[in-house]
Every structure is written in structure tokens, then in C-alpha cells.
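# Descriptive analysis of the structure
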Amino acid sequence: MGAADAEEDERPVHRVSVSEFFIGRFPVTHDEYARFVRATGYPPPAIRGLPLIAAGGRDTVFKELAAPYIWTNNEPPAGHGSHPIVLVRYDDAIGYCRWLGEALGRPFRLPTEAEWEKSARGGADGSRYPWGDAIDESRCNFLSDPAVKRQRGTRATGTFPPNAYGLYDVVGNVWEWVSDWYSADTYSTGPMQDPRGPTSGNMRIVRGGSWVNDDVMMLRCAYRHKVPPDTYAYSIGFRIACSA
């Protein structure tokens, strides 16, 4: 895990072991999340009080970019059924995992940060991206030209090639929630077997980068993006995991 030549909280590079687990081949989609909403009456994705990341005069842009992903009458936006779900908080993702686990009789959850990074790398330890060290526009959905941000958006899951583990959209398209609380020094102080992060904190973690990111360093397998716990956005979704 980590990177020697990047952010301080990605150091030191260290080897960890994780117990066998399963992880979703795709991020959870609007259509999949709709089954949860219909079965439980859970509130659908919407602008429900602006998160801290939209403060400081960014509220207008936030609402504009979120508009295409707002549901109407408990239905996903037209044409987005196979796109990754967005506008979901950490607690919303946990609620989905809990419902799915009860429905299928299996304890689904969010992946840990270590599980996510192992999955994203696809067995290629040390590479910046799942496919190598150079960014490649044909392999993931990111903002290659900031001037067209308002014309871009999420893409259907599976649009781009999978990594070596057969996982799609592990970088780009949408950021993905992981289960850990954020700690800047967890790589120095955490356990080497099944690390799960601190038991509490002030910030959560999303991984993988998204369609709104023009800084390709954010798309790296090792990049750790800390966000306030109330965060939700047009660029954040999740995928599920469970222990073997």
C-alpha cells in the first residue's frame, strides 16, 4: 500500500495482508439502488442540505452539477440506470449494504481501504494506475479537459476495460466510499494484517477519483481523499464487499 513519491499520508509504502474477501465487479448502479429505495422507502438521492464541501460560495456549482442525478418520484434519472449511483452519503451506502445483506442472507459491507487498494491494483503492486504508470484516457472516465466539465458526467458501468482482477471503474467515473475513518499516520501505526483504520475520526475516505477530476494524481491507486462525514456529491458512489 502507498506511494513513496506522492502525498505524505501515503507513506511509508508498506505491505499488508488481507483475509480473503469478495468485492463487486462494478460500482452499485442507479437501478440497483432503486431496488433498495422501493423495498425500504429509503429517501432517494437528492440535494438534502448542502455538505461542507459545497461551502464557501460553491453551492451554485454544486447544485448545477448535481441536477442531472436527482431522482424524481423515486425513479432514477432517465438514461442513468446503469450508471454508478451518486449523491449518496457514507450512511446511505451502509444502509444499502445492510438491506442487501438481509435480503440475500450475507453480511455485505463497504471494503476497507486496504481491500480497496488491493482490488484496484489488480495484482500490479507499485504501479500508479491499475494498468501501469501513465494515464490513459481510453481506460477510465476523468476530466481530461476542464473546459468541458459541464458537458461531462458519469458513464455507464463497464464502459471502460476492467483491471487484471476483472473489476470495472476502480479508478475514474465515481469516487468510492471505503469503511475506514481517515488518519494521516495510519500507515505508520496500523496493523499489517487486515487493517481497518482507526475506530473513530473527523474525516472519512473516498478512493479512486472521478469524472470531475482533471488532476490525474487523484486517480492513482494509492491516493487517499479525505472528506467530512456529511459529504455527498455528484461524483461519489460505492461498491460492495463481503468476507469470504
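Before any of the text, the structure's been laid out above.
Residues numbered from 1 in each chain as written. Predicted model: local features only at pLDDT ≥ 70, side-chain atom pairs only at ≥ 80, totals over all residues. Heavy atoms only, no water.

The next thing to look at is the overall build of the protein. Within the protein one finds five helices and six strands. Of the regular secondary structure in the protein, the N- to C-terminal order runs β-α-α-α-α-β-α-β-β-β-β. Counting only C-alpha atoms and orienting by the principal axes, one finds that the protein spans roughly 45 × 45 × 35 Å. The burial tally for the protein puts 52% of its 244 residues in the buried class. Restricting to contacts in the protein with at least 6 residues of sequence separation, those with at least 24 account for 75%. Accessible surface, the protein: about 10900 Å² in total, of which carbon and sulfur atoms supply 50%. Each charge class in the protein can be summarised by its mean position, and for the 27 positive and 30 negative side chains these summaries are 2 Å apart. (Helix = DSSP H or I, 4+ residues; strand = E, 2+ residues; numbered from the N terminus. Buried < 20%, exposed > 50% of the residue type's maximum accessible area, 1.4 Å probe, protein only. Contact = heavy atoms within 4.5 Å. Areas by Shrake-Rupley, 256 points an atom, 1.4 Å probe, with all protein chains shown as cover. Lys, Arg positive; Asp, Glu negative; His and termini not counted. Charge placed at Lys NZ, Arg CZ, Asp CG, Glu CD.)

Further remarks concern the environment of Ser-243. With respect to the element layout, Ser-243 can be found in strand E6 (residues 241-243). The class of Ser-243 is partly exposed, set by a relative accessible area of 39%. Contacts of Ser-243, omitting those with residues within four sequence positions, involve Glu-20, Phe-21, Phe-22, Arg-106 and Arg-109. For Ser-243, the side chain forms a polar contact with the side chain of Arg-109, separated by 3.1 Å. (Polar contact = N/O pair within 3.5 Å; in protein donor to acceptor, adjacent residues only side chain to side chain.)

For the rest of this paragraph, the subject is unusual backbone geometry. The step from Arg-11 to Pro-12 runs through a cis peptide bond, and the omega angle for that step is 0°. With respect to the helices, strands and loops of the structure, Pro-12 is situated in the segment before strand E1 (21-23). One non-glycine residue with positive phi stands out, namely Asn-73, at about 55°. The exposure class of Asn-73 is exposed, given its relative accessible area of 71%. Unusually for a residue other than glycine, Asp-169 sits at a positive phi of about 60°. If you trace the backbone, Asp-169 turns up in the loop between helix H4 (113-121) and strand E2 (175-181).

Right, let's talk about helix H2 (residues 59-66) for a bit. Because the α-helix completes a turn every 3.6 residues, residues three or four places apart line up on one side. Three or more residues of H2 are buried, namely Phe-62, Leu-65 and Ala-66. Taken down its axis, H2 places every buried residue within 100° of arc, on the same side. (Arc of directions from axis to C-beta.)

Glancing now at the packing of aromatic side chains. On inspection of all chains with the given rule, the structure shows 16 aromatic pairs. Look at Tyr-33 and Trp-71: their rings are 6.2 Å apart centre to centre, the planes differ by 90°, and that puts the pair in the edge-to-face class. In this pair, Tyr-33 sits in helix H1 (residues 30-40) while Trp-71 sits in the loop between H2 and helix H3 (90-104), placing the two residues 38 residues apart along the sequence. Under the relative-accessibility criterion, Trp-71 is labelled buried at 7%. Judged by centre distance (5.8 Å) and plane angle (15°), the rings of Tyr-33 and Tyr-96 are stacked. In this pair, Tyr-33 is assigned in helix H1 and Tyr-96 in helix H3, connecting sequence segments 63 residues apart. (Phe/Tyr/Trp six-rings, centres within 6.5 Å; stacked < 30°, edge-to-face > 60°.)

Attention now goes to the side chain of His-80. The topology assignment puts His-80 in the loop between H2 and H3. When neighbours within four sequence positions are excluded, His-80 is seen to be in contact with His-30, Pro-68, Tyr-69 and Thr-154.

A few words on the sheet that holds strand E5 (residues 236-237). Strand order in this open sheet of four strands is E4-E3-E2-E5, and the pairing throughout is mixed. On the outer flanks of this sheet lie strand E4 (225-227) and E5, each paired with one strand and no other. Of the strand pairs in this sheet, strand E3 (residues 204-207) and E4 are connected by three bridges, and their pairing is antiparallel. Bridge pairing in E4 places Ile-205 opposite Lys-226. (Pairing = 2+ DSSP bridges.)

This brings us to the pairing of E2. Within a regular strand, the side chains alternate between the two sheet faces. By the criterion of burial, E2 is predominantly enclosed, with six of the seven residues buried. In this structure, E2 lies alongside E5, joined through two bridges in parallel fashion. Residue pairing for E5: Glu-176 is matched across the bridge by Gly-237. Examined bridge by bridge, E2 and E3 share three bridges and lie antiparallel to one another. Across the sheet, Trp-181 pairs through a bridge with Arg-204, a residue of E3.

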